[in-house]
Amino acid sequence: MTRNKQVARNKLVLGGAAVVSLALLLRLWGLATANELFIDEVTYSRLALSVSRGEWPNLAGEGFYLHPPLTFWLNGAITDLFGLSPDPTTLVFQLRWVNAVLGAVVVALAYVLLLRTTKPVVAIIGATVLAADPFVLRNDSRVMLETPAFALILAGWLCLLVGVERRKSLVYVGGLLLGLAVLAKDVSAVPALLPVILATLWKQTLPRATALRVLGAAVVPYLGYVVALAVAGRLPDWWTHKIGGLRRMAGLDQISGFNSPNAPSLLETLLGQLGRFGTSYLLLGLAVPAGVLALRAARADRRLIGLVASVMGLLGLFSLAFGTLEEQMGYFVVVPGVLALGIVAVELPVRLRPVLVTAGAAVLAAGLAFATHARTVTDNGYQQAREFLDTQVPPGSRVGLTTPTAQFALHSGEGRNLRVGTWTSLGALHRFRADYVLTQSRPLSLGYGYASPDLLPWLAKHADPVFRTSGPSGGDTVVWALDQAELDRAVRAGQLIPEVVAP
């Protein structure tokens, strides 16, 4: 290797190290304070705890099959290895470190993929956009399934691209990694495996023999999982859960997400969050056009990236129109969308590149501004409220909870000196003689809670707010001290304010 080539390679390594270091710093900064507790996080930490005890992933003894177990196995092993907290809510904040590190790995893999398929300057910009993107950043700073799944997807595609060009054995490794991604989250089959099939049909992007090798290796992890289920006699329960999951994905059962009956308006939510995720929304909107444009590239590796972005973007559009649209789905769209935009940047005519460079610089600057703001805010209302309840209210107090996240987060924990219940109406609070009630204004006002939005103005008039904090996710998180005489008068007058969603 000549000296000039060595210097150039060193610059690429240093540039990548700088971007990955930025990604890790942004994910670790404010890890416990900048992201409100999410209900899925507590569920996943409970599943990790069951694994750490040597059990099959389960919730209160009932087997969990909605998602495959790889991420729960990983988090369970880490919980056991490092002796992490047995309390699910406390464990969430300890396991967030795992996703923060894996999020930096996603940025590193994206950088290497862009280096192979575009140019160094494009790789630096694209990886930095992902490092700072506020939507990706929030997902990577929570205990979620998308981050480990996409780390495996990008690693699999990288091995596949290298294997096609140089080492054939890496094709099998790539297939195995893509199969492991599906074992982390089922929907990973769309960006991991569907493009492999489509690549044999679109401009002979991938030889059929190579595709068969990839798919053959990819089925091994999930097939092993299904065999283990069958041996343990768990296959019928797994099948029931999988059918339910497919129905939700197809939109036949709208239990959660923006298309569900009680969900807030998607447009209202987007407008309300524009100041936090504006650049992310732009990248979501560009994912499908960028993927389609990348499909026209002369190079096969670039077309493969275009296929990944296109299929995930189209799945996102389907979810928007008909399926179960949940915010975490955007992670699967933004990451390949940024890669496809990098392809478009080098495929555009030379005369148009200055415009794209300017636009890319603007998105990058805005994304860094959004990311900096996101990491400096305090957005941990439930965590603060739990600490207040554990330390500042008399032992034996009865506390009513009004939202699903509070139900999961504050019900957990052995040895706590409070009686906590999901008491969501004035009638229930009166019946159980609650001393306090915990509310969070944004989910209640948008219909995400169990309690009626009418409960908030009643509490403001008839109860004493003994703790209050505000954050962009939940609005005002308040612990109200209840007056039993006021509760008695309301119930006698028939003012029960029943829940809008049964817990």
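Calculation criteria
Residues numbered from 1 in each chain as written. Predicted model: local features only at pLDDT ≥ 70, side-chain atom pairs only at ≥ 80, totals over all residues. Heavy atoms only, no water. Helix = DSSP H or I, 4+ residues; strand = E, 2+ residues; numbered from the N terminus. Rg over C-alpha atoms; globule rule 2.2 N^0.38 Å. Buried < 20%, exposed > 50% of the residue type's maximum accessible area, 1.4 Å probe, protein only. Contact = heavy atoms within 4.5 Å. Areas by Shrake-Rupley, 256 points an atom, 1.4 Å probe, with all protein chains shown as cover. Lys, Arg positive; Asp, Glu negative; His and termini not counted. Charge placed at Lys NZ, Arg CZ, Asp CG, Glu CD. Expected span 1.5 Å × (residues − 1). Bend = angle between axes of the 7 residues up to and from the residue. Salt bridge = Lys/Arg side-chain N within 4 Å of Asp/Glu carboxyl O. pLDDT = per-residue confidence, 0-100. Pairing = 2+ DSSP bridges. Core = buried A, V, L, I, M, F, W, Y, C linked by side-chain atoms within 4.5 Å. Phe/Tyr/Trp six-rings, centres within 6.5 Å; stacked < 30°, edge-to-face > 60°. Axes fitted to C-alpha atoms, helices over the stretch in contact; angles between N-to-C directions. Parallel < 35°, antiparallel > 145°, perpendicular 65-115°, else oblique. Left-handed = near helix turned anticlockwise from the far one by under 90°. Nonpolar A, V, L, I, M, F, W, Y, C, P; charged D, E, K, R; others polar. Patch = residues over 30% accessible without salt bridge, like charges linked within 9 Å, V, L, I, M, F, W, Y side chains within 5 Å.

Looking at the overall build of the chain
Scanning the chain for helices and strands turns up 23 helices and 7 strands. Its C-alpha radius of gyration of 24 Å places the chain within 12% of the 23 Å reference for a compact globule of 503 residues. With the principal axes as the frame, the chain shows a C-alpha extent of 85 × 55 × 40 Å. Out of the 503 residues in the chain, the part that is buried amounts to 54%. Within the chain, counting contacts between residues at least 6 apart in sequence, those at least 24 apart form 75% of the total. Split by element, the accessible area of the chain, about 21600 Å² in all, is 64% carbon and sulfur. Between the mean site of the 42 positive side-chain charges and the mean site of the 31 negative ones, the chain shows a separation of 15 Å.

Focus: helix α4 (residues 88–117)
Given a rise of 1.5 Å per residue, 30 residues ought to cover 44 Å, and the 42 Å separating the end C-alpha atoms of α4 matches this to within 8%. Maximal helix bending in α4 amounts to about 30 degrees, located at Q94. For α4, a buried count of 21 out of 30 residues is recorded, marking the element as mostly surrounded by other parts of the structure.

Notes on the pattern of salt bridges
One pass over the structure, following the stated rule, counts 12 salt bridges. Here K185 and E146 are joined by a salt bridge, their closest N and O atoms 2.3 Å apart. Of this pair, K185 sits in the loop between α8 (169–184) and α9 (189–192) while E146 is found in helix α7 (residues 146–165), placing the two residues 39 residues apart along the sequence. Each member of the pair, K185 together with E146, is buried. Between D488 and R433 there is a salt bridge, with its nearest N and O atoms 3.5 Å apart. Of the two residues, D488 is situated in helix α23 (residues 484–492) and R433 in the loop between α20 (426–431) and β5 (436–440); the sequence distance between them amounts to 55 residues.

Notes on the confidence of the model for the chain
Scored by pLDDT, the chain comes out at a mean of 88, with 90% of its residues at no less than 70. Mean pLDDT values for the elements of the chain range from 57 in helix α13 (residues 266–272) up to 97 in helix α3 (residues 70–82). Scored below 50 in pLDDT, residues 252–260 makes 31 contacts in the model with residues more than four places away or belonging to other chains.

What to know about the pairing of β5
Put simply, side chains in a regular strand alternate between the two faces of the sheet. Among the 5 residues that make up β5, 5 are buried, leaving the element largely enclosed by the rest of the structure. Here β5 shows two buried faces, one formed by Y436, L438 and Q440 and the other by V437 and T439. In terms of strand pairing, β5 meets strand β7 (residues 475–481) through 5 bridges, oriented antiparallel. Bridged to Y436 within β7 is A481.

Section: the nonpolar core
Membership of the largest hydrophobic core comes to 72 residues, with the highest contact counts inside it found for L130, I153, L154, W157 and V335. In this structure, V98, V399, L410 and L418 belong to the second largest nonpolar core, which totals 35 residues.

A closer look at the packing of aromatic side chains
One pass over the full model with this rule turns up 12 aromatic pairs. Both rings, one in Y44 and one in F72, keep their centres 5.7 Å apart while their planes meet at 40 degrees; by these two values the pair is tilted. One end of the pair, Y44, is in helix α2 (residues 39–52); the other, F72, is in helix α3, with 28 residues separating them in the sequence. The interplanar angle of 5 degrees and the centroid separation of 4.9 Å between the aromatic rings of W423 and F432 together place this pair among those described as stacked. Accessibility expressed as a relative area gives 6% for W423, which makes it buried. Through pairs of rings, three or more aromatic residues link up here, namely W56, Y222, Y225, W238 and W239.

What to know about the packing of α4 against helix α5 (residues 120–132)
Direction vectors running N to C along α4 and α5 enclose 155 degrees, while the axes themselves pass 8 Å from each other. The angle between α4 and α5 places the two elements in the roughly antiparallel class. Every pair of crossing elements has a handedness; the one defined by α4 and α5 is right-handed. Each of V107, A110, Y111, L114 and L115 in α4 lies in contact with α5, whose residues at this interface are P120, V122, A123, I124, G126, A127, L130 and A131. Class assignment of the residues belonging to the contact of α4 with α5 gives a composition of 12 nonpolar, 1 polar and no charged.

Things to note about unusual backbone geometry
Despite not being glycine, A60 shows a phi value in the positive range, around 55 degrees. For A60, the location among the structural elements is in the loop between β1 (58–59) and β2 (62–63). Overall, the relative accessible area of 78% leaves A60 in the exposed class.

Regarding the sheet that holds β5
The sheet built from 5 strands is open, its strands ordered β4-β3-β5-β7-β6 with mixed pairing. For this open sheet the edge positions go to β4 (419–421) and β6 (464–471), each flanked by a neighbour on one side alone. Within the sheet, the average angular offset between the axes of one strand and its neighbour, ignoring direction, is 15 degrees.

Quick notes on a nonpolar patch on the surface
On the surface, L24, V101 and V105 cluster together into a nonpolar patch covering about 190 Å² of accessible area. Residue placement: V105 occurs in helix α4.

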